[in-house]
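For reference, the chains in residue letters:
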Amino acid sequence: QVQLVESGGGLVQAGDSLRLSCAASGRTFSSYGMGWFRQAPGKERDFVATITASGGSTAYADSVKGRFTISRDNAKNTVYLQMNSLKPEDTAVYYCAASRRYDGTWYLSRRASYDYWGQGAQVTVSS
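Here the structure is a predicted model, which means the values were calculated and not measured.

This part covers the overall build of the chain. Each helix and strand counted, the chain has one helix and 11 strands in total. Going residue by residue from the N terminus, the α and β elements of the chain occur as β-β-β-β-β-β-β-β-β-α-β-β. The C-alpha radius of gyration computed for the chain amounts to 13 Å, which stays within 12% of the reference 14 Å derived for 127 residues, consistent with globular compactness. The dimensions of the chain, computed from C-alpha atoms along their principal axes, are 40 × 25 × 25 Å. Of all 127 residues assigned to the chain, the portion counted as buried reaches 45%. Considering only intrachain contacts with a sequence separation of at least 6, the fraction spanning at least 24 residues in the chain is 58%. Within the structure as shown, the chain displays about 6,400 Å² of accessible surface, and the carbon and sulfur contribution to it stands at 45%. Averaging the positions of the 14 positive and the 10 negative side-chain charges in the chain gives two centres separated by 4 Å.

See below:
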């Protein structure tokens, strides 16, 4: 069992930056593919970014490409999402997720590939 705890959300203005962190419990973090998803009110939970277990490959949703960066520190059992040039449409609850079954970015961009989810962190971007 893996427990994921997100932190770093908040209220910012358009153009600002935020960094989300996701701390994972357990000793097998380095074997999990990790991802970030987000869910705006009344909408589905959508893929944002993913990183393979080794950190060697990443993938992003088109809407965040060039503005967001996912990274991981396996020694600290933590995955990060650096969000720059934030826009009001980035407002959502952001969820961290871990997959023990898949480690390719094609699979990791799909919500069904994940086995564990965090509780979510609210990010609100005002215009």
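Time to look at unusual backbone geometry. The backbone phi angle of Asn-77 is positive, close to 55°, even though this residue is not glycine. Structurally, Asn-77 can be placed in the loop between β7 (68-73) and β8 (78-83). Despite not being glycine, Ser-85 shows a phi value in the positive range, around 50°. Inspection of the secondary structure assignment puts Ser-85 in the loop between β8 and β9 (92-99).

Attention shifts here to the pairing of β7. With burial as the criterion, only one face of β7 is covered, namely that bearing Phe-68, Ile-70 and Arg-72; the residues Thr-69, Ser-71 and Asp-73 on the opposite face remain uncovered. One ladder, built from six bridges, connects β7 with β8; its direction is antiparallel. Bridge pairing in β8 places Thr-69 opposite Gln-82. Linking β7 to β8, which pair antiparallel, is a turn of four residues; within it Asn-77 sits at a positive phi near 55°.

Attention shifts here to the state of the cysteines. Counted according to the given criterion, the structure contains one disulfide. Across the disulfide from Cys-22 sits Cys-96; the S-S distance is 2.1 Å. Judged by the sign of its S-S torsion, about -75°, the bond between Cys-22 and Cys-96 is left-handed. Of this pair, Cys-22 sits in strand β3 (residues 18-24) while Cys-96 sits in strand β9; the two residues are 74 residues apart in sequence, bridging distant segments of the chain. The pair Cys-22 / Cys-96 is uniform in exposure class, with both members buried.

We now examine the environment of Ala-53. Mapping Ala-53 onto the fold places it in the loop between β5 (45-51) and β6 (58-60). Take Ala-53: its relative accessible area is 7%, and that puts it in the buried class. Counting along the chain gives 51 residues from Ala-53 to Gly-104, while the straight-line C-alpha distance between them is 8.9 Å. With residues near it in sequence (within four places) discarded, Ala-53 still touches Ser-30, Ser-31, Tyr-32, Gly-33, Arg-72, Asn-74 and Asp-103.

Quick notes on the rules
- Residues numbered from 1 in each chain as written.
- Predicted model: local features only at pLDDT ≥ 70, side-chain atom pairs only at ≥ 80, totals over all residues.
- Heavy atoms only, no water.
- Helix = DSSP H or I, 4+ residues; strand = E, 2+ residues; numbered from the N terminus.
- Rg over C-alpha atoms; globule rule 2.2 N^0.38 Å.
- Buried < 20%, exposed > 50% of the residue type's maximum accessible area, 1.4 Å probe, protein only.
- Contact = heavy atoms within 4.5 Å.
- Areas by Shrake-Rupley, 256 points an atom, 1.4 Å probe, with all protein chains shown as cover.
- Lys, Arg positive; Asp, Glu negative; His and termini not counted.
- Charge placed at Lys NZ, Arg CZ, Asp CG, Glu CD.
- Pairing = 2+ DSSP bridges.
- Disulfide = S-S within 2.5 Å.

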